[in-house]
Amino acid sequence: MTARDAMLARIRSKTAKGSDETRRAAVDARLAQHPRNLIPERGIGDEDHRVRVFTEMMQAVGGSVEIVNDLNDVPDSISDYLRNSNLPAHVRRGSDPVLARLPWHRGTLEVAQGRAEETDRASVTRAFAGIAETGTIIQVSGQDNPTTLNFLPEVHIVVLEASAVFASYEEAWTKLRDEFGEGIMPRTVNMISGPSRTGDIEQTIVRPAHGPKNMHVIIVR
Amino acid sequence: MDASTATFPANVTKALADGQLQYAMTETGPRFIEKRTKARDALPEFDALRDQARDIKNHVLDHLDIYLERYEEKVQKSGGHVHWAQDAEEARAQILAICRKANAKLVTKGKSMISEEIDLNHYLSANGVEPVETDLGEYLIQIRNERPSHIIAPAVHLTRDQVEADFRKAHTHLDPNRDLTEIPALVEEARTVLRQKYFAADVGITGANFLVAETGTSIIVTNEGNGDLTQILPKVHIVIASIEKIVPTLEDAATILRVLARSATGQDFSNYTTLSTGPRREGDPDGPEEYHVVILDNGRSNVLGTEFQDMLRCIRCGACLNHCPVYNAVGGHAYGWVYPGPIGSVVTPALVGIEKAKHLPNASTFCGRCEEVCPMRIPLPKLLRHWREKEFEQHLQPQSIRWGLGVWAFFAKRPKLYRMATALAARVLTNQGHGKGRMSSLPLASGWTRYRDFPAPQGKTFQQLWKERRK
C-alpha cells in the first residue's frame with residue numbers, strides 16, 4: 001500500500017460517520033456552493049463608504065492613499081509621489097492593458113516593463129481588487145502582472161479603480177470565479193495590507209522587513 | 001535536535017533562574033494581550049466568527065479523507081504534485097529527493113512549524129543542502145541553533161543585545177565597527193544579508209496556514225514578505241503542511257483568516273496573505289516552475305475520532321501561549337520540543353507519546369484563559385485533563401503523587417473523616433499563616449513555595465461556611 005492509501009484509509013477508519021455516499025455528497029455540495037459565512041458590517045456600504053473605510057484601514061497599517069478623478073492623471077501623481085519621496089523618476093510595470101494605455105510620455109517619468117529587477121526602486125501595478133474591511137489590495141499573477149513587482153522594489157505603487165473596492169474578501173472571490181472559472185485560480189493571488197514589517201525583535205514594529213518600505217495606493221474614481 | 005520534554009521540571013528551574021529570559025518575557029509578554037484585546041473590541045462580529053471557524057474545522061475533520069482527495073485532484077489539475085508522508089522520516093526524504101532532482105545547493109525557507117516538527121534543517125544540512133531561514137525570528141534561532149520559543153514569534157525569548165551579539169558572530173564579512181544598537185539597524189542587516197540568499201536559492205520551502213480543497217490552493221500568512229520572496233524567486237516551490245490544514249472553500253478560509261491575525265498579533269489582517277496554486281503558467285514572467293506539496297500525518301490521524309480530536313482545529317495563532325501564566329513564567333524552551341504553551345502541552349503528548357511528555361499536561365494552573373481566547377474554541381483545559389487521566393491510567397506519575405491521591409481518595413470516600421481532617425488542617429494552616437494570610441514555606445512542598453506564596457485558609461472549611469450560609 002502506498003503512503004497515500006495508508007493515510008487515507010487510516011483517516012477514513014477514524015472519521016467515517018454515516019455512509020460513504022452521504023459524506024461525499026456533503027463535501028461536494030459545500031465545494032460546489034461555497035456558501036458565504038458571516039461577513040462583518042464594517043466595509044459594507046456604497047462606493048463612497050467603501051473607499052473611505054479602505055483609505056482609513058490602509059493608512060492605519062502604514063500605507064498611503066491618494067484619490068484621483070481621471071485615470072490619465074495617474075502618471076503625474078506617480079511622478080509627484082516619487083519626487084516627494086526623494087526617489088528617481090523611474091518605475092517598473094507589467095503589461096497590464098489599462099496601465100499600458102496611460103499617457104506615460106507626458107512627464108519625465110521613465111517606465112520599464114517586465115518582472116522586477118534587483119535594482120528597481122519603485123513598481124506600479126494595477127490591483128485586481130481592494131477590500132475595504134481591512135485596507136487590503138489584491139494582486140493576481142499572470143502574463144501582464146509579474147508577482148515580483150509586489151515584493152522586490154522599495155516602493156510599491158498600486159492603481160486601484162474605485163469600482164473594484166469591495167466591502168469584503170468574499171466579493172473578490174466572486175470576481176475571481178467570474179474571470180477564471182469555478183474552482184480555478186491564477187498561480188498567485190496576493191492580498192497585501194500595507195508595507196512589509198516585522199515585530200520579531202522585542203515585539204518592536206519595524207518597517208520594512210523583506211518587502212517594500214512604502215505602499216502607495218492611487219484610487220481612481 | 002532531541003526533545004527534552006522529559007526533563008520539564010529541570011528545564012523550568014533553569015528558565016526561572018535565567019535573568020535575560022525573564023527580562024524578555026516580562027517586557028514583551030503583556031503586549032500580545034493588549035493588541036489582541038484591541039483588535040477583538042474593534043470587530044463586533046469576532047465571537048460569532050469564532051463559532052463559525054470552529055464549525056468549519058469540525059466539518060472538515062469529519063470529512064477529512066474526502067477533502068484531502070478533492071484537494072489532491074485540484075493540485076494535480078493545476079500542474080502541481082502532492083506527496084504523502086506518514087511520518088517525519090518520509091517527509092524529509094521526499095523533500096530531499098525534490099531538492100536533489102533540482103540540483104539544489106541552497107534552499108530558502110519561509111516560516112513553518114511543520115519544518116521544525118520534522119527537524120528538516122539539520123537533515124538537509126547533513127545531506128549537503130544548505131537551508132536558510134528567511135523569517136527574521138526563524139533566522140535568529142537558526143544562527144543560534146535553537147528551537148522556536150513561541151509559535152508565531154520564535155525569538156521572543158531574545159533581547160536586542162543578544163541579537164546584536166549573534167549578528168556580529170554570524171556576519172563576519174561586515175564592518176566590525178558598524179552600529180547595531182537600535183532594532184531597525186538589526187532588521188536592515190537581516191534584510192541585506194537575506195536578499196542575496198533569495199536570489200541564490202534553488203528551492204524555496206514554505207509552510208501553509210491553509211490548504212483549500214475547492215481550488216488546490218495553499219495559503220501562507222506573513223508580515224515580512226519573506227515567504228513570498230522565498231516562493232517566487234527559486235525554480236522550485238515546496239509547500240509542507242499537515243493533514244488538518246484543509247479548509248473546504250475560499251469563503252471558509254476568509255472566515256478563519258478573520259480570527260487568525262487578530263488572535264495572533266492583534267492585526268486586523270496580516271500584511272501578506274498569499275494564495276498559491278500550481279507552478280508558473282504559460283507566459284508568466286515570474287514564479288516557480290515546479291510546485292510540490294508534502295502532506296504530513298505524523299500521528300495526527302491517531303487523534304481523529306478520539307476525545308483529543310478538538311486539538312486538530314488549531315490554527316497556530318499562539319494566543320493561548322500569550323495568555324498562559326505558566327508560559328509567561330518559563331518561556332517556550334522549557335516545554336522541550338517544538339510546540340510550547342497550552343496547545344503544546346496538548347499536541348506534544350499526541351505526537352511524541354505521553355510517556356515522553358508526561359509532565360506537560362501538568363504545566364497548567366487550569367485558569368482557563370487559553371480556552372477563553374482560542375479563536376477555534378479548543379477546550380484546552382479539558383484536553384489537558386484527559387492527558388492527566390491517561391497519565392494516571394498508565395502509571396506514569398511518581399509514586400508520591402499516586403500515594404497522595406490514594407490518601408485523598410480514602411478521606412473523600414468517608415465524609416465524616418473528611419470533614420474532621422479538613423477542619424483540623426484549615427486551623428493548623430491558618431495559624432501557620434501568622435495573620436498574613438499567606439505562607440512562604442510549607443512542609444513537604446518547598447519546591448512549590450520556592451517561587452510562590454501559598455494562600456492560608458481563613459480558618460473554616462468550605463463545608464462549614466456552606467452550612468453557616470444556609471442558615
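Residues numbered from 1 in each chain as written. Chains lettered and ligands numbered in written order. Predicted model: local features only at pLDDT ≥ 70, side-chain atom pairs only at ≥ 80, totals over all residues.

Enquirer: Outline the packing of helix H3 (residues 46–62) of chain B against helix H12 (residues 250–264) of chain B, listing residues and values.
Expert: Residues and elements named next belong to chain B. Where H3 meets H12, the axes come as close as 9 Å, and the angle between the chain directions of the two elements is 125°. Classified by the angle between their axes, H3 and H12 sit oblique to one another. Note on packing geometry: the crossing formed by H3 with H12 is left-handed. On H12, the residues that touch Phe-46, Leu-49, Arg-50, Gln-52, Ala-53 and Ile-56 of H3 are Asp-252, Thr-255, Ile-256, Arg-258, Val-259 and Arg-262. (Axes fitted to C-alpha atoms, helices over the stretch in contact; angles between N-to-C directions. Helix = DSSP H or I, 4+ residues; strand = E, 2+ residues; numbered from the N terminus. Parallel < 35°, antiparallel > 145°, perpendicular 65-115°, else oblique. Left-handed = near helix turned anticlockwise from the far one by under 90°. Contact = placed C-beta atoms within 7 Å.)

Enquirer: An account of the sheet that holds strand S3 (residues 110–113) of chain A is needed here, citing residue identities and associated values.
Expert: All names here are of chain A. Sheet architecture is open: six strands sit in the order S1-S10-S7-S4-S2-S3, paired in parallel fashion. Each of the sheet's edge strands pairs with one partner strand only, and the pair in question is strand S1 (64–68) and S3. Direction aside, neighbouring strands of the sheet carry axes that sit 25° apart on average. Against the sheet, helix H4 (residues 74–84) touches S1, strand S2 (90–93), strand S4 (122–126), strand S7 (155–161) and strand S10 (214–220), its axis set at about 155° to S10. (Pairing = 2+ DSSP bridges.)

Enquirer: Residue-level account of the nonpolar core, with values.
Expert: A general feature of soluble globular proteins is that nonpolar side chains tend to end up buried together. With 179 residues, the main nonpolar core has Ile-138 and Leu-160 of chain A together with Ile-240 of chain B as its most contacted residues. Looking at this core element by element, the count peaks at nine residues for H12 of chain B. When residues of this core are assigned to domains, at least three fall in each of domain 1 (1–33) and domain 2 (42–220) of chain A. The contacts of Leu-160 of chain A, once residues within four sequence positions are left out, are Ala-127, Gly-130, Ile-137, Val-165, Val-217, Ile-218 and Ile-219 of chain A. (Core = buried A, V, L, I, M, F, W, Y, C linked by C-beta atoms within 7 Å. Buried ≥ 20, exposed ≤ 12 C-beta atoms within 10 Å, placed from the backbone. Domains from an automatic or database assignment.)

Enquirer: Got a sec to walk through the environment of Gly-433 of chain B? Specific residues and values, please.
Expert: Residues and elements named next belong to chain B. Locating Gly-433 in the fold gives a position in the loop between helix H19 (415–432) and strand S11 (438–439). Between the C-alpha atom of Gly-433 and that of Pro-455, which follows or precedes it by 22 residues, the distance is 8.1 Å. Not counting chain neighbours up to four residues away, the residues in contact with Gly-433 comprise Arg-438, Met-439 and Ala-456.

Enquirer: Tell me what's going on with the sheet that holds strand S6 (residues 217–222) of chain B, and back it up with residues and numbers.
Expert: If you trace the eight strands from one edge of the open sheet to the other, you get S8(A)-S5(A)-S6(A)-S9(A)-S9(B)-S6(B)-S5(B)-S8(B), paired in mixed fashion. Each edge of the open sheet is held by one strand with a lone partner, namely strand S8 (165–166) of chain A together with strand S8 (246–247) of chain B. With two bridges connecting them, strand S5 (residues 129–131) of chain A and S8 of chain A associate as parallel partners. Within S8 of chain A, the residue paired with Gly-130 of chain A across the bridge is Val-165 of chain A. Sheet strands touched by helix H6 (residues 169–180) of chain A: S5, strand S6 (136–140) and S8 of chain A. Its angle to S5 of chain A, the strand with the most contacts, is close to 160°.

Enquirer: Which residues make up the domain arrangement of chain A, and what values do they have?
Expert: As far as domains go, chain A holds domain 1 (1–33) and domain 2 (42–220). For domain 1 of chain A and domain 2 of chain A, the distance between their C-alpha centroids amounts to 41 Å.

Enquirer: Can you tell me about the pairing of S6 of chain B, naming the residues and giving the values?
Expert: Residues and elements named next belong to chain B. Judged by how many residues are buried, S6 sits mostly within the fold: six of six residues are covered. Taking every second residue as pointing to the same face, both faces of S6 are buried, with Thr-217, Ile-219 and Val-221 on one and Ser-218, Ile-220 and Thr-222 on the other. As paired strands, strand S5 (residues 210–212) and S6 are joined by three bridges and run antiparallel to one another. Bridge pairing in S6 links Leu-211 to Ser-218. The hairpin turn running from S5 into S6, its antiparallel successor, is four residues long, and Gly-216 in that turn takes a positive phi close to 70°. Of the strand pairs in this sheet, S6 and strand S9 (residues 272–276) are connected by five bridges, and their pairing is antiparallel. Bridging from a neighbouring strand, Ile-219 pairs with Leu-275 of S9.

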